[in-house]
Amino acid sequence: MAEWSDEELLDALRRGDDTAVEETRTRFYPMIYKLVMQQRGTDQDVEDIFHDMLEVILIQRKDNTFKLYSSLSTYIYAICKNLWSKQQRKKRYESRYIAMAGEMTSQQLQQSIHDAAEEKHRRALYEKHFAALDPRCRKLLTLMLESKSLEELAHDMGYTSQHYVKKLKHVCREKLRKSIQQDPEL
């Protein structure tokens with residue numbers, strides 16, 4: 001094909017046409033290269049962004065409602081810029097995390113690992129006992145997490161008395177608390 005229109009190129013990419021991928025590389029790779037290298041990227045970063053961009057285009061193109069409202073060049077540039085920015089944010093986050101971990105003593109690191117494991121254990125214990133509650137208590141406690149008023153709770157539960165909901169709330173919390181406290185794994 002001599003010259004691909006933007007729509008023809010997108011359709012060919014969607015079909016998995018290898019020539020379309022090469023045409024995309026020929027037309028847009030230099031633009032992607034410049035974008036990434038101006039921001040201290042590497043050749044590998046350029047390759048990664050190019051391939052990620054192709055994935056984004058394929059995913060969006062499979063959606064039958066997709067419509068290209070700009071030139072393909074502008075569209076690809078925007079995708080690559082967003083992908084590159086996202087990758088840079090991830091790298092900054094990871095480097096801060098590694099630096100923070102490097103500043104910890106081994107005792108602090110062990111304590112942090114221990115705390116995380118303990119929190120995971122407590123969470124699993126809570127979920128186990130929550131699941132064992134009767135459906136009425138599970139529903140009420142779940143609705144409470146949504147910060148609803150007693151009036152809203154009564155309405156959602158199908159009760160007319162807010163006082164009854166308040167009492168039921170206390171009873172359900174106590175059932176859950178006692179169940180957890182009596183668990184031998186605690």
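A brief structural summary. (Residues numbered from 1 in each chain as written. Predicted model: local features only at pLDDT ≥ 70, side-chain atom pairs only at ≥ 80, totals over all residues. Heavy atoms only, no water.)

Take the state of the cysteines next. Counted under the stated rule, the structure contains 1 disulfide. Across the disulfide, Cys 137 is cross-linked to Cys 172 (sulfur-sulfur distance 2.0 Å). As the torsion about the S-S bond is roughly -75°, the Cys 137-Cys 172 disulfide counts as left-handed. Of this pair, Cys 137 sits in helix H6 (residues 135-144) while Cys 172 sits in helix H8 (residues 162-181); the two residues are 35 residues apart in sequence, bridging distant segments of the chain. (Disulfide = S-S within 2.5 Å. Helix = DSSP H or I, 4+ residues; strand = E, 2+ residues; numbered from the N terminus.)

This paragraph deals with the pattern of salt bridges. In the structure shown here, the tally under the stated rule is 14 salt bridges. Across the salt bridge formed by Lys 175 and Asp 134, the nearest N and O atoms sit 3.3 Å from each other. Of the two residues, Lys 175 is situated in helix H8 and Asp 134 in the loop between helix H5 (106-132) and H6; the sequence distance between them amounts to 41 residues. For Lys 175, a relative accessible area of 38% gives the class partly exposed. Connected through salt bridges with shared partners, the residues Asp 6, Glu 23 and Arg 27 form a single ionic network. (Salt bridge = Lys/Arg side-chain N within 4 Å of Asp/Glu carboxyl O. Buried < 20%, exposed > 50% of the residue type's maximum accessible area, 1.4 Å probe, protein only.)

With that settled, consider a positive patch on the surface. Positive charge collects at one region of the surface, where Lys 86, Arg 89, Lys 90, Arg 92 and Arg 96 lie side by side. By the element assignment, Arg 92 lies in helix H4 (residues 72-103). (Patch = residues over 30% accessible without salt bridge, like charges linked within 9 Å, V, L, I, M, F, W, Y side chains within 5 Å. Areas by Shrake-Rupley, 256 points an atom, 1.4 Å probe, with all protein chains shown as cover. Lys, Arg positive; Asp, Glu negative; His and termini not counted. Charge placed at Lys NZ, Arg CZ, Asp CG, Glu CD.)

Counted according to the given criterion, the structure contains 3 aromatic pairs. Taken together, a centroid distance of 5.6 Å and an interplanar angle of 65° make the contact between Tyr 29 and Phe 50 edge-to-face. Here the residue Tyr 29 occupies a position in helix H2 (residues 18-37), and Phe 50 occupies one in helix H3 (residues 43-62), the gap between them amounting to 21 residues. Residue Tyr 29 is classed as buried on the basis of its relative accessible area, which comes to 17%. Overall, Phe 50 belongs to the buried group, its relative accessible area being 0%. Relative to Tyr 164, the ring of Tyr 159 has its centre 5.0 Å away and its plane inclined at 75°; by these criteria the two rings are edge-to-face. (Phe/Tyr/Trp six-rings, centres within 6.5 Å; stacked < 30°, edge-to-face > 60°.)

Right, let's get into the environment of Phe 50. Taking the C-alpha atoms as reference points, Phe 50 and Cys 80, separated by 30 residues in sequence, lie 7.4 Å from one another. Phe 50 has contacts with Val 21, Thr 24, Arg 25, Tyr 29 and Ile 32, leaving out every residue within four places of it along the chain. (Contact = heavy atoms within 4.5 Å.)

What follows deals with helix H1 (residues 6-15). When we look at burial in H1, the residues that qualify are Leu 9, Leu 10, Ala 12 and Leu 13. Along H1, the residues classed as buried sweep out an arc of 165° about the axis, all on the same side. Just downstream of H1 lies Gly 16, where phi reads positive at about 85°. (Arc of directions from axis to C-beta.)

Attention now goes to the nonpolar core. Counting residues in each nonpolar core, the largest one holds 26 residues, and the members touching the most others are Ile 32, Met 53, Ile 57, Leu 72 and Ile 76. By residue number, the principal contributor to this core is H4, which donates 7 residues. Those residues in contact with Ile 32 that sit more than four places away from it in its chain are Val 46, Ile 49, Phe 50, Met 53, Ile 76 and Cys 80. (Core = buried A, V, L, I, M, F, W, Y, C linked by side-chain atoms within 4.5 Å.)

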